Amino acid sequence: RAVFESGMSVGGIDNSSLQIDGIEIASNYDVDAAALSALITEARKLQTNDSMDDAQRQETARQMLSAMNDVFAKGASLQLEKFNVAVDGGTMTIDLNVDIPSGSDSVQAAMANGSAAGNIVIPDAVVEALGAVSPELAGGLTMAAMMGFVQQKDGAYRANVSYKDGVLLLNDLPVPLPF
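Quick summary incoming for the structure in this document.

Reading the values: the criteria
- Residues numbered from 1 in each chain as written.
- Predicted model: local features only at pLDDT ≥ 70, side-chain atom pairs only at ≥ 80, totals over all residues.
- Heavy atoms only, no water.
- Helix = DSSP H or I, 4+ residues; strand = E, 2+ residues; numbered from the N terminus.
- Buried < 20%, exposed > 50% of the residue type's maximum accessible area, 1.4 Å probe, protein only.
- Contact = heavy atoms within 4.5 Å.
- Areas by Shrake-Rupley, 256 points an atom, 1.4 Å probe, with all protein chains shown as cover.
- Polar contact = N/O pair within 3.5 Å; in protein donor to acceptor, adjacent residues only side chain to side chain.
- Expected span 1.5 Å × (residues − 1).
- Pairing = 2+ DSSP bridges.

**Brief notes about the overall build of the protein**
Helix and strand content of the protein: five helices and 10 strands. The C-alpha extent of the protein, read off along each of the three principal axes, is 50 × 40 × 30 Å. In the protein, buried positions account for 31% of the 179 residues. Considering only residue pairs separated by 6 or more positions, the protein has 57% of its internal contacts joining residues 24 or more positions apart. Accessible area of the protein: about 10,600 Å², with a carbon and sulfur share of 56%.

If you want it as structure tokens, here you go:
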């Protein structure tokens, strides 16, 4: 098994429409080492080999999917301890734990058998800043709050997220999935 931690911190990112003051990510992984290595090897082939013809790309993509299925078959977990994005006076936070039990023989089986739980908090100031760039996003959050998928309280949009038995829940309400 490969058990490792990862962390990243990025300072300010400034573009013409949105000021991102910083990004912090901290995560832990537990995955079968050989399966992960095979997946990374196939992914690198796609990234680094511009001379592949279509048949070679398709075969490499097939090998990559096979390697991904092997990762899932051997079980994996991800703990996203911190995913924070500071934007214009507020910080969006996400934490998430994902568990894929061993024995899943495909991505679809992993989705059916896996589970996840976490929280999302998006302060009103962040929603306002993002709304200036994408009014659809702010409108979507307002609509999600009206439907009960997120709650607007204590100056932020909040959602408890869970996934089990193929059902995604936001604040205990089922969310239709496209698969």
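More follows now that the structure is in view.
**Considering the environment of Asp21**
Secondary-structure assignment places Asp21 in strand E3 (residues 19-31). In this structure, the C-alpha to C-alpha distance between Asp21 and Val3, residues 18 residues apart in sequence, is 31 Å. Not counting chain neighbours up to four residues away, the residues in contact with Asp21 comprise Gly11, Gly12, Ala86, Val87, Asp88 and Gly89. Separated by 3.5 Å, the side chains of Asp21 and Gln19 make a polar contact.

**Quick look at helix H2 (residues 54-73)**
An ideal rise of 1.5 Å per residue puts 28 Å on 20 residues; H2 measures up with 28 Å between its terminal C-alpha atoms. Every buried residue belonging to H2 is among Thr60, Ala67, Asn69, Val71 and Phe72, and all of these are buried. Structurally, H2 contributes buried residues whose contacts are with E3, helix H1 (33-48), strand E5 (90-100) and helix H3 (107-113). Capping the start of H2 is the job of one residue whose side-chain oxygen sits 3.1 Å from the backbone nitrogen of Ala55: Asp53. Backbone geometry just after H2 places Gly75 at a positive phi near 80 degrees.

**Considering unusual backbone geometry**
In the Ramachandran plot, Asn171 falls in the positive-phi region, its phi being about 50 degrees despite a non-glycine side chain. When you line up the elements, Asn171 lands in the loop between strand E9 (167-170) and strand E10 (173-175). Located in the positive-phi region is Asp172, a residue other than glycine, with phi close to 65 degrees. Assignment of secondary structure puts Asp172 in the loop between E9 and E10. Note on Asp172: relative accessible area 67%, which makes it exposed.

**Some thoughts on the pairing of E3**
Direction of pairing for strand E1 (residues 2-10) relative to E3: antiparallel, over a ladder of nine bridges. Residue Val10 lies in a different strand from E3, and its bridge partner there is Ile23. Bridge analysis of E3 against strand E4 (residues 76-87) gives 11 bridges, and the strand direction is antiparallel. Its bridge partner being in E4, Tyr29 is matched across the sheet by Leu78.

**Comments concerning the side chain of Asn69**
Structurally, Asn69 can be placed in helix H2. Residue class for Asn69 comes out buried when judged on its relative accessible area of 18%. Leaving out residues up to four positions away in the same chain, Asn69 has contacts with Ser104, Asp105, Ser106 and Val107.

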